[in-house]
Amino acid sequence: MRLLCFFFTIFVFSPIFGQTPTLERVPGEILVSLGKGILPDSFAKKMDFEISNRGSVFQKKGDRSVFSKKNIWLFSFDESQISGNNLLEKLRHQPDVLEAQFNFLLENRGLEGGIYSACYGRNKFRPPTNLPNDPYFSYQYYLKNNSGGADLAAEKAWDITTGGVTPAGDTIIICVIDGGFDFPQADFAGNLWKNNLEIPNDGLDNDQNGFTDDSNGWNFLLNNDSPNGYFNQHGSAVAGIIGARGNNGKGISGVNWQVKIMPIVCPGNVGGILSAYDYTLKMRELYNQTDGKRGAFIVATNASWGINFGQPADAPLWCGVYDFLGNEGILNIAATANSAINVDTQGDLPTACPSNYLIAVTSVDAADQHVANSGFGKKHIDLAGFGENIYTMLNGNQCGKQSGTSFAAPQVTGAVGLLYAAPCPNLIAIAKINPAAATFTVRKMLLENVSPNASLAGITVSGGRLDLQKLLEKYQNGCAACPAPFGLKLLAATDSSMLLDWSELSDFQRVDLKYRNFDTGSFWSKIEEITPPVWVQNLEKCTFYEISLKSECATAESIWSGISLEKTAGCCAPPDDIFLQNQTSTASTLEWSGYPSAAGYKLRLRPENAPDWQFFDCGTAQISLLDLPKCTRFEVQIQSNCPGGATVFSPSFYFQTAGCGACTELDYCFSASQNALFEWVNEVKIGDWASPKVGVGGAGYQNLTMEKLSDTLVLHPKTKYAVLLTPGFAGSATQNYFRVFADLNLDGDFLDADEMIFDPGFSHDGALPGEFKTPDFLPPGISRLRVVMKKFTNLDTPPLPCGTFQSGQVVDFCVRFSDEMVSDFSFKNENAAAPQVFPNPTTGDFFVKMKCLEGETARFSLFDAAGRLAKSVVFKNLPTGEPVLKMETSGLPGGFYFLKMEKNGEVWRAKMAINQKS
């Protein structure tokens, strides 16, 4: 029986070929990512009115965003009034919506069965060694295989660390997201996370993280911090593998003997999962922002659940969260399907999600062979852990054997905790400065230090299985015997001093600091035998100083650390960060960061390119400029009045008053690709107008609406325009689908009739020519033009004006609509001598008549609607004149095609329609 609302149905899918499985979802629920500043209640009322005037068809569900970083909310809808598919399509076309998806149901990745026993009997403890004295440790073959078979080599890894805290003293926390937990066991004593800033049961959000009384984590089923849920045994088993207390004479040992487990309980659907990840992200963000004073140092999450055959295209909101978590320092581990699925082709969620901050885990058995009934994929499945007969914690002080990828994944999750606890500061030093880099470093080490395994070669990314000894030794061998202090930061500065802090290891015997004036390169000054924080005195004001640290350990001393640059206070210089605080069509307010020693500021202002300046004096770092002309671009420069005299004027800052029209003043829907590093929009030509070069890729969205008004494209009603869209590539050319949209009625969207002004109907791998014709009437004014270029395969859909997609780019321009009528053909007809293609459409072969000179060669290439080459023919030694050349279509299915004709460096293109032959 399947549970429709909560974690986790326990069964195994068989592989399905030749059909697309329908993913189960929570009836009448949908997840929506709203644009910045869009309120869910207002949006729900708007959608409710659009769907039906009866009311209560579409409503917000819950009072909290399920993932605040992307403004994702859960909504309910009446399926008797609108089908789910129709609603999803409608939502994805709304200007206020970034993305939407169904609230799919999930399954766990464990299989029932195995041996169960009481965890705490009168077992004889083994002699003290580097192995734990837990009575049932001998059953945990995956940690140490006493029969001589394969294992994780935990024994050697524990010689380096058994977990707990980082070398800098940060308490390591692993978040286990599951359907529930049973934590009365003594074997979790001391290893459960406590939110020490929260006062239990006082009804207050003491740590101000948005959750009241979350002393033990959070339960999204009961809306409290109880770990109890609906599948407690599954959560307990997973948590036990990661962090059951080791060497305490009770039960079993986790991969980490000491670590803090943060339990998150949530319903078995995507909305619950997003809420769980949101809580995790907020706690690590707080830790990073407050240098550990608030929040939690979460290094990994464990997901032993998912959706067999799930496709990332159906779950863009779910797949999108992993990059946010990774950027804050959290690596996410997920168990793949307990089914013989090729995840690369058949899909799986979340293990097919494309993120560098997600690790997908499959299973091997006790013989170290890939479990046939577990997922695989050379592109998406990263490595394996042991997943057969895994002895772990169960409910009610029980231990027992469990099987499935559910119990392979937490071995990898536990390995992340061990890495951070190793007595090497490399990871924590990176994490303090760049959490995302630390996350990526851990992922890289996990994949590069596996135990090679022939049964995993070619079906996983790494071709191997987790090896704790190899992982920890490789990391530890990269560390010096006595590392330097790390994480230097400036806590405070005066005109003549700086308060400095840094992180140390517990075995440092002493620390020395040296500093010198960066500008003069003077001799180093040294302060010896200090403890953080420390004041460095007698410095010059407004001056950069180079700072370095060195430590001394019991048996060795470190080299001096890398140079840090810090600056004293007392500066008085031209402002370098002017910004626009507020504006209307006739007024603008500017602000800038002032200097305490400045007596005031002088501002000069002029319309861009005007010869004369206007001057204004102000006593604070803010000014309101009134009675300005509307829709005018201004240039501003500011100087500071310092004790020694006025500075030079700052570099120019530009702003534009409102009143320009829809282009820059209406809130258009968001659209962007997730990756523009390899293909992007390079140039757009419409008629005689050419866009500025967008340039090398990287930004999935480029906003060029603030270019000079004199450079704005002008369109006239009832006029035909030539189009040339040119992509840019970092490497070889790829197939891309272009579309061009224009807000013809100036209403702030691209959803009205005829507002998709150009659609070639196919993808292409180079510059794309075409044409479009404007409608009979365009209201005069300045509106917005959007060019969308989407990397395209035969499985993709053409790009939409709103929302996100994987690769390509979106570029916005302003366009001025003029009510002046011009010639119907306002562009030069560069294809006056173009070949003639007939018949078109055709039910058989077609012919091309083209002008030729004797001896020329022509090549005809026919591409299908997905941009794949369907047929190519070369005609050599053509005669002078206008020969008629035949292109056969035998064997081609009916549909639209793209014909590319090349001769003597000239290229022509035509859209073909080939009907099925009867």
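Residues numbered from 1 in each chain as written. Predicted model: local features only at pLDDT ≥ 70, side-chain atom pairs only at ≥ 80, totals over all residues. Heavy atoms only, no water.

### A closer look at the nonpolar core
Then step 1. Membership of the largest hydrophobic core comes to 95 residues, with the highest contact counts inside it found for Val416, Tyr420, Leu446, Leu468, Trp502 and Leu513.
Then step 2. Counting residues per element, this core draws most heavily on helix 8 (residues 409–421), which supplies eight residues.
Then step 3. When neighbours within four sequence positions are excluded, Trp502 is seen to be in contact with Pro485, Phe486, Gly487, Leu488, Val511, Leu513, Ile530, Thr531, Pro532, Val534 and Leu549. (Core = buried A, V, L, I, M, F, W, Y, C linked by side-chain atoms within 4.5 Å. Buried < 20%, exposed > 50% of the residue type's maximum accessible area, 1.4 Å probe, protein only. Helix = DSSP H or I, 4+ residues; strand = E, 2+ residues; numbered from the N terminus. Contact = heavy atoms within 4.5 Å.)

### Overview of the sheet that holds strand 28 (residues 588–591)
Then step 1. Spatial ordering of the open sheet is given by 27-28-31, a layout of three strands whose pairing is antiparallel. Pairing within the sheet leaves two strands with one partner each, and these edge strands are strand 27 (579–583) and strand 31 (622–625). In this sheet, neighbouring strand axes are inclined to one another by 20° on average, regardless of whether the strands run parallel or antiparallel.
Then step 2. Bridge count between strand 28 and strand 31: four bridges; the pairing is antiparallel. (Pairing = 2+ DSSP bridges. Axes fitted to C-alpha atoms, helices over the stretch in contact; angles between N-to-C directions.)

### Considerations on the side chain of Glu198
Then step 1. Following the sequence through the fold, Glu198 ends up in the loop between strand 7 (173–178) and strand 8 (218–219).
Then step 2. Buried charge without a salt bridge: Glu198, with Arg294 as the nearest opposite-charge side chain at an N-O distance of 8.7 Å.
Then step 3. Of the polar contacts made by the side chain of Glu198, one reaches the backbone nitrogen of Asn206; its length is 3.2 Å.
Then step 4. Apart from residues lying up to four places away in sequence, Glu198 is in contact with Leu204, Asp205, Asn206, Asp207, Phe211, Thr212, Asp213, Asp214 and Ser215. (Lys, Arg positive; Asp, Glu negative; His and termini not counted. Salt bridge = Lys/Arg side-chain N within 4 Å of Asp/Glu carboxyl O. Polar contact = N/O pair within 3.5 Å; in protein donor to acceptor, adjacent residues only side chain to side chain.)

### Observations regarding the sheet that holds strand 2 (residues 58–60)
Then step 1. What the four strands build is an open sheet, ordered 2-3-1-4; its pairing is antiparallel. Strand pairing shows two members of the sheet lacking a second neighbour, strand 2 and strand 4 (97–104), which therefore form its edges. For this sheet, the mean angle separating the axes of adjacent strands, direction not counted, is 35°.
Then step 2. Summarising the sheet, strand 1 (residues 25–34) and strand 3 (residues 72–77) pair through five bridges and their orientation is antiparallel. By the bridge assignment for strand 3, Glu29 is matched with Ser76.

### Side note on the state of the cysteines
Then step 1. Applying the stated criterion across every chain yields a total of seven disulfides.
Then step 2. What pairs with Cys424 in a disulfide is Cys479, and their sulfur atoms sit 1.4 Å apart. On the criterion of sequence distance, the pair formed by Cys424 in the loop between helix 8 and helix 9 (426–433) and Cys479 in the loop between helix 11 (468–477) and strand 20 (486–493) is long-range, its members being 55 residues apart. In this pair, the class of Cys424 matches that of Cys479, namely buried.
Then step 3. Covalent S-S linkage joins Cys542 and Cys571, the inter-sulfur distance amounting to 2.0 Å. Linking Cys542 and Cys571, the disulfide has an S-S dihedral of approximately 105° and is accordingly described as right-handed. (Disulfide = S-S within 2.5 Å.)

### Observations regarding the packing of aromatic side chains
Within a pair of aromatic rings, the relevant descriptors are the distance that separates the centres and the angle that separates the planes.
Then step 1. The final tally for this structure, using the stated rule, is 30 aromatic pairs.
Then step 2. Here Tyr139 and Tyr391 contribute two aromatic rings whose centre-to-centre distance is 4.7 Å and whose plane-to-plane angle is 75°, an arrangement assigned as edge-to-face. Here Tyr139, found in the loop between strand 6 (116–118) and helix 3 (154–158), pairs with Tyr391, found in strand 16 (residues 390–393); they are 252 residues apart in sequence, far enough to count as distant.
Then step 3. Looking at Tyr391, the relative accessible area reads 1%, which means it is buried.
Then step 4. Pairing Phe634 with Phe655 gives two aromatic rings, centres 5.5 Å apart and planes at 20°, and the pair type is stacked. You can see Phe634 sitting in strand 32 (residues 633–642) and its partner Phe655 sitting in strand 34 (residues 653–656), a full 21 residues away along the chain. Here Phe634 matches Phe655 in class, with each residue buried.
Then step 5. Members of the aromatic cluster, each reached through a chain of ring pairs, are Phe211, Trp218, Phe220 and Tyr279.
Then step 6. One cation-aromatic arrangement involves Arg25 over Phe102; the distance from NZ or CZ to the ring centre is 4.4 Å.
Then step 7. If you follow Arg64 out to its NZ or CZ, it ends over the ring of Phe211, 4.0 Å from the centre. (Phe/Tyr/Trp six-rings, centres within 6.5 Å; stacked < 30°, edge-to-face > 60°. Lys NZ or Arg CZ within 6 Å of the ring centre and 35° of its normal.)

### Re the environment of Asp78
Then step 1. If you trace the backbone, Asp78 turns up in the loop between strand 3 and helix 2 (84–92).
Then step 2. For Asp78 and Ser56, which are 22 residues apart along the polypeptide, the C-alpha to C-alpha distance reads 7.9 Å.

### Describing helix 5 (residues 270–289)
Then step 1. With 20 residues, helix 5 extends 28 Å between its outermost C-alpha atoms, agreeing within 8% with the 28 Å of an ideal straight helix rising 1.5 Å per residue.
Then step 2. Judged by how many residues are buried, helix 5 sits mostly within the fold: 17 of 20 residues are covered.
Then step 3. For helix 5, the capping residue at the N-terminal end is Asn269, with a side-chain oxygen 3.2 Å from the backbone nitrogen of Gly271.
Then step 4. Directly beyond the C-terminal end of helix 5, a positive phi value near 55° is found at Asp291. (Expected span 1.5 Å × (residues − 1).)

### A short note on the pattern of salt bridges
Then step 1. All told, the structure shown has 28 salt bridges when counted by the stated rule.
Then step 2. The salt bridge partner of Asp291 is Lys432, with a shortest N-O separation of 4.0 Å. Of this pair, Asp291 sits in the loop between helix 5 and strand 10 (298–303) while Lys432 sits in helix 9, and the two are 141 residues apart along the sequence.
Then step 3. Looking at Lys432, the relative accessible area reads 30%, which means it is partly exposed.
Then step 4. A salt bridge links Lys720 to Glu771; the nearest nitrogen and oxygen atoms lie 3.5 Å apart. Residue Lys720 is located in strand 40 (residues 720–729), and its partner Glu771 is located in strand 43 (residues 768–773); the two are separated by 51 residues in the primary sequence.

### So, the pairing of strand 50 (residues 884–887)
Then step 1. Along strand 50, the buried face is formed by Leu885 and Met887; none of Val884 and Lys886, which line the opposite face, is buried.
Then step 2. With four bridges connecting them, strand 47 (residues 846–849) and strand 50 associate as antiparallel partners. Paired with Phe847 across the two strands is Lys886, which belongs to strand 50.

Any link to function would need more than the numbers given here.
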